[in-house]
Amino acid sequence: MNLIFETSVLGRGCSILPECDVPVPVLPKNFCRENAPRLPQLSENDISRHYTALARRTHGVNNGFYPLGSCTMKYNPKINEEMAAQAGFTAIHPLQPEHTVQGAMEVLYQAERALCEITGMDAMTFQPAAGAHGEFTGLLLIKAYHKHRGDLKRTKIIIPDSAHGTNPASATMAGFTVISIPSQEDGCVDLEKLKAAVGEDTAGLMLTNPNTVGLFDKNILEITKIVHDAGGLNYYDGANLNAVMGVSRPGDMGFDVVHLNLHKTFSTPHGGGGPGSGPVGCKSLLAPFLPGPVVKKQQEQYHFETPEHSIGRVKAFYGNFTVVVKALSYILTLGAEGIREAAQNAVLNANYMMKKLGDLYTMAYEERCMHEFVMSLEPLKKETGISAMDIAKGLLDNGIHPPTMYFPLIVHEALMVEPTETESKETLDEAIEVFRSLYQTAKTDPQALHDAPHHTPVRRLDEVGAARNPKLHYSF
Ligand SMILES: *Cc1c(COP(=O)(O)O)cnc(C)c1O
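What you see as residue numbers is a count from 1 along each chain, following the sequence as written. Local features in this predicted model are restricted to residues whose pLDDT is 70 or higher, and side-chain atom pairs enter the listing and the counts only when it is 80 or higher, whereas totals over whole chains, interfaces and linings include all residues. Where side-chain values are given, they derive from all heavy atoms of the structure, hydrogens and water being excluded.

Draft legend 1. Seen up close, the pattern of salt bridges. In the sections that follow, a salt bridge refers to a side-chain nitrogen of Lys or Arg positioned within 4 Å of a carboxyl oxygen of Asp or Glu. Tallied over the entire structure, the rule returns 21 salt bridges. The partner of Asp151 in a salt bridge is Arg149, with the nearest N and O atoms 3.4 Å apart. What makes Asp151 buried here is its relative accessible area of 10%. Judged by relative accessible area, Arg149 falls into the partly exposed class, the value being 42%. The salt bridge involving Glu413 is made with Lys381; its shortest N-O contact spans 3.3 Å. Each residue is assigned to one of three classes by its accessible area relative to the maximum for its type, calculated with a 1.4 Å probe on protein chains only: buried under 20%, partly exposed between the two thresholds, exposed over 50%.

Shown next, in the form of structure tokens:
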């Protein structure tokens, strides 16, 4: 396929602009470019075909099943896009006077109330642009809290090894020392190791729940109590809220601060590079430290306020506002019962697939899973030489996006499958058949899988080369 610059023909175009009817400003010469920008020149037809061809070569939720674990690649109802695209939301400016944007402020206020209700928190900021950004912000709140109390020796954050990879990175960036504790055989936090790790230097704990192996930690109340008793605070990585929303709340489990991924759970497509939103909710003891401004309501009027001991801004203005509009639209269309039902179906779908594959594939953990399950292809690899990567490439030939591969690191040859609640039983059954037939192919014709994918626009790519020596420039 040609690049858009290769399709370009000098002098071709498709925009017919009306004659300028305002004075053309004369810019100082040193601000003007010397040569015209080298933009591709194409007809509207060329452009339309170019992007349609690109869209056909890629895989999205609109093409087929996308069970990429820990990413919640679910279908996002188009009505929420329509809501966010309204001119009343897109044609306003963040510096407009408050009385002219009361509707937008009401959206922030209502979304905060709804998400606080869902998480069991008291206050929230929408500034963080992603999950990891939310983690960083939440940890800064914990840091500010201890500092405000003059408790300066709390410099350590405890993170179980079943946490998402961003957790230790965020804690390090926030200036903490990370104490990693290994999980038990069953994938849950080892309480004895946790007790041994906490102390006067514990700033807090970061827990991903359900964790990266798809399990809800059965000792969650004891975990948060151990940390609280030691004087630390509890951080809940809520990026996997799709499994528990409307069913259980981090605030009721002893957590003081939580981030959500609106671009996973709450109806913003995810995986295209943004924009995202990783709001941070907290209990009232941390609210004075939240980034400002936050929206307050007084006598039916909304106004912005900066919390008393605010850690400052973590992003310009109010975060990615239209993502919040989509989340609120999603929550209001589903309602309390619908939110709960979505989570229950996400869990049901994952368990259905896990059960239907368990006789062939080795599950890393046998017990009931939450929204995703992890298989280990280590036994299959030993027997046939077929790796998690080979099965993933085989799935591509069948129109299925591969599950998350080689993550979590604590499972060898891992494939992490998250079907989500928006897939029908028919889709799940088809995918189960594909997984089962690939297993047979691994035994009867392993070479076919080593050579897969056969039917995609490109075959096996040099992934290491692409990461190490990316070609980011086009030489004209
Ligand atoms: C996706 C995810 C994150 C990070 O979110 P980003 O928006 O990609 O920064 C953090 N924790 C968990 C459990 C996740 O699944």
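Draft legend 2. Structural detail: a nonpolar patch on the surface. Only residues above 30% relative accessible area that lack a salt bridge enter a patch, with like-charged residues linked at up to 9 Å and the nonpolar side chains Val, Leu, Ile, Met, Phe, Trp and Tyr linked at up to 5 Å. Accessibility throughout is a Shrake-Rupley quantity obtained with a 1.4 Å probe, and a residue counts as covered only by protein chains that appear here. Together, Leu3, Phe5, Tyr474 and Phe476 make up an exposed nonpolar region whose accessible area comes to about 380 Å². A run of H or I in DSSP counts as a helix once it spans at least four residues, and a run of E counts as a strand once it spans at least two, with each numbered from the N terminus. In this fold, Phe5 is placed in helix α1 (residues 4–7).

Draft legend 3. Structural detail: the sheet that holds strand β11 (residues 373–376). Here, strands pair whenever DSSP counts at least two bridges between them. Read across the open sheet, the 4 strands follow the order β10-β11-β13-β12; overall the sheet is antiparallel. The open sheet terminates on both sides in strands that have one partner only, identified here as β10 (362–363) and β12 (404–405). In this analysis, two residues are considered to be in contact whenever any of their non-hydrogen atoms come within 4.5 Å of each other. In this description, a line fitted to the C-alpha atoms serves as the axis of each element, helices being fitted only across the stretch in contact, and the angle between N-to-C directions of two axes falls anywhere from 0 to 180 degrees. Across the sheet, helix α11 (residues 321–357) is in contact with β10, β11 and β13 (414–417); its angle to β11 comes to roughly 20 degrees.

Draft legend 4. View of the nonpolar core. Formed by 55 residues in total, the largest nonpolar core has its most connected members in Leu115, Leu194, Leu241, Met245 and Phe266. Elements with a minimum of two residues in this core: α5 (102–119), α8 (191–197), β4 (202–208), α9 (220–229), β6 (257–260), β9 (301–305) and α11. Among the elements that make up this core, the one with the highest residue count is α11 (12 residues). Filtering out sequence-adjacent residues up to four positions away, Met245 remains in contact with Lys74, Ile118, Thr265, Phe266, Tyr330, Ile339, Arg340, Ala342 and Ala343. Listed in part, the 29 residues of the second largest apolar core include Met354, Tyr361, Ile386 and Val417. Among buried residues, those of type Ala, Val, Leu, Ile, Met, Phe, Trp, Tyr and Cys that are joined through side-chain atoms within 4.5 Å constitute a nonpolar core.

Draft legend 5. Focus on the sheet that holds β6. Spatial strand order, β1-β7-β6-β5-β4-β2-β3: 7 strands in an open sheet with mixed pairing. If you trace the sheet from one side to the other, it starts and ends with β1 (123–125) and β3 (177–181), each paired once. Direction aside, neighbouring strands of the sheet carry axes that sit 20 degrees apart on average. Summarising the sheet, β6 and strand β7 (residues 280–282) pair through 3 bridges and their orientation is antiparallel. Across the sheet, residue Val257 finds its bridge partner in β7, namely Cys282. Helix-sheet contacts for α5 involve β1 and β6, and the interaxial angle to β1 is about 120 degrees. Strands in contact with helix α6 (residues 131–148) are β2 (156–160), β4, β5 (233–238), β6 and β7; relative to β5, the strand with the most contacts, it is inclined by about 170 degrees.

Draft legend 6. View of the site of the ligand. We call a residue near a molecule or strand as soon as one heavy atom of that residue lies within 4 Å of the molecule or strand. Taken together, 14 residues form the shell around the ligand, and within it Ser70, Gly131, Asp237, His263 and Lys264 come nearest. We call two N or O atoms a polar contact when they sit within 3.5 Å, provided that within protein one can donate a hydrogen and the other can accept it, with sequence-adjacent residues counted only if both atoms are side-chain atoms. Taking Ala132, its main chain carries an N or O atom lying 2.8 Å from an oxygen atom of the ligand. In the environment of the ligand, an oxygen atom lies 2.6 Å from a nitrogen or oxygen atom belonging to the side chain of Lys264. For the ligand, whose accessible area on its own is 380 Å², the fraction buried by protein is 87%. By residue number, the principal contributor to the shell around the ligand is α6, which donates 3 residues. All residues other than Ala, Val, Leu, Ile, Met, Phe, Trp, Tyr, Cys, Pro, Asp, Glu, Lys and Arg, Gly among them, are scored as polar; the first ten of these are nonpolar and the last four charged. For the shell around the ligand, the per-class residue count stands at 3 nonpolar, 8 polar and 3 charged.

Draft legend 7. The arrangement of the packing of α5 against α11 in detail. Following both chains from N to C, one finds α5 and α11 inclined at 55 degrees, their axes separated by 9 Å at the closest point. In terms of axis orientation, α5 runs oblique to α11. Helix-helix and strand crossings are classified by hand; for α5 and α11 the assignment is left-handed. Across the interface between the two elements, Ala104, Val107, Leu108, Gln110, Ala111, Ala114, Leu115 and Ile118 from α5 touch Phe321, Val324, Val325, Leu328, Ile331 and Leu332 from α11. In terms of residue class, the contact of α5 with α11 is built from 13 nonpolar, 1 polar and no charged. By definition in this entry, angles of less than 35 degrees are roughly parallel, angles greater than 145 are roughly antiparallel, angles of 65 to 115 are roughly perpendicular, and the rest are oblique. Two helices crossing with the near one rotated counterclockwise from the far one by less than a right angle form a left-handed crossing, whereas a clockwise rotation gives a right-handed crossing.

Draft legend 8. Geometry of the packing of aromatic side chains. Paired rings are identified among Phe, Tyr and Trp, the last through its six-membered ring, by centres lying within 6.5 Å, and are further divided according to the angle between planes into stacked (under 30 degrees), edge-to-face (over 60) and tilted (the rest). Scanning the model with the defined rule gives 11 aromatic pairs in all. On the numbers, 4.9 Å between centres and 80 degrees between planes, the contact of Tyr236 with Phe255 is edge-to-face. Of this pair, Tyr236 sits in strand β5 while Phe255 sits in the loop between β5 and β6, and the two are 19 residues apart along the sequence. Residue Tyr236 shares its accessibility class with Phe255, and that shared class is buried. Seen in terms of ring centroids, Tyr361 and Tyr439 are 5.1 Å apart; in terms of plane orientation they differ by 65 degrees. Their pairing is edge-to-face. Of this pair, Tyr361 sits in the loop between α11 and β10 while Tyr439 sits in helix α14 (residues 425–444); the two residues are 78 residues apart in sequence, bridging distant segments of the chain. The exposure class assigned to Tyr439 is buried, which follows from its relative accessible area of 11%. Through pairs of rings, three or more aromatic residues link up here, namely Phe5, Tyr474 and Phe476. Here, a charge over a ring means that NZ of Lys or CZ of Arg falls within 6 Å of the ring centre while also lying within 35 degrees of the ring normal. In this arrangement the basic side chain of Arg38 is found over the ring face of Phe476, its NZ or CZ atom lying 3.8 Å from the centre.

Draft legend 9. Region of the structure containing α11. Its 37 residues give α11 an end-to-end C-alpha distance of only 41 Å, which falls more than 12% under 54 Å, the value for a rise of 1.5 Å per residue. The largest bend in α11 amounts to roughly 100 degrees and is located at Gly335. Expected helix span is taken as 1.5 Å per residue step, with the number of steps being one fewer than the number of residues. What is called the bend at a residue is the angle between a pair of axes, fitted to the seven residues leading up to and ending at it and to the seven starting from it.

Draft legend 10. How the structure looks around the packing of α11 against α14. Running from amino to carboxyl end, α11 crosses α14 at an angle of 30 degrees, the nearest separation of the two axes being 10 Å. Considered as vectors, α11 and α14 are oriented roughly parallel to each other. Helix-helix and strand crossings are classified by hand; for α11 and α14 the assignment is right-handed. Here Asn349, Tyr352, Met353, Lys356 and Leu357 of α11 lie close against α14, whose contacting residues are Lys425, Leu428, Asp429, Ala431, Ile432, Phe435 and Arg436. Here the contact of α11 with α14 is built from residues that sort into 7 nonpolar, 1 polar and 4 charged.

That's the geometry; what it means functionally is another story.
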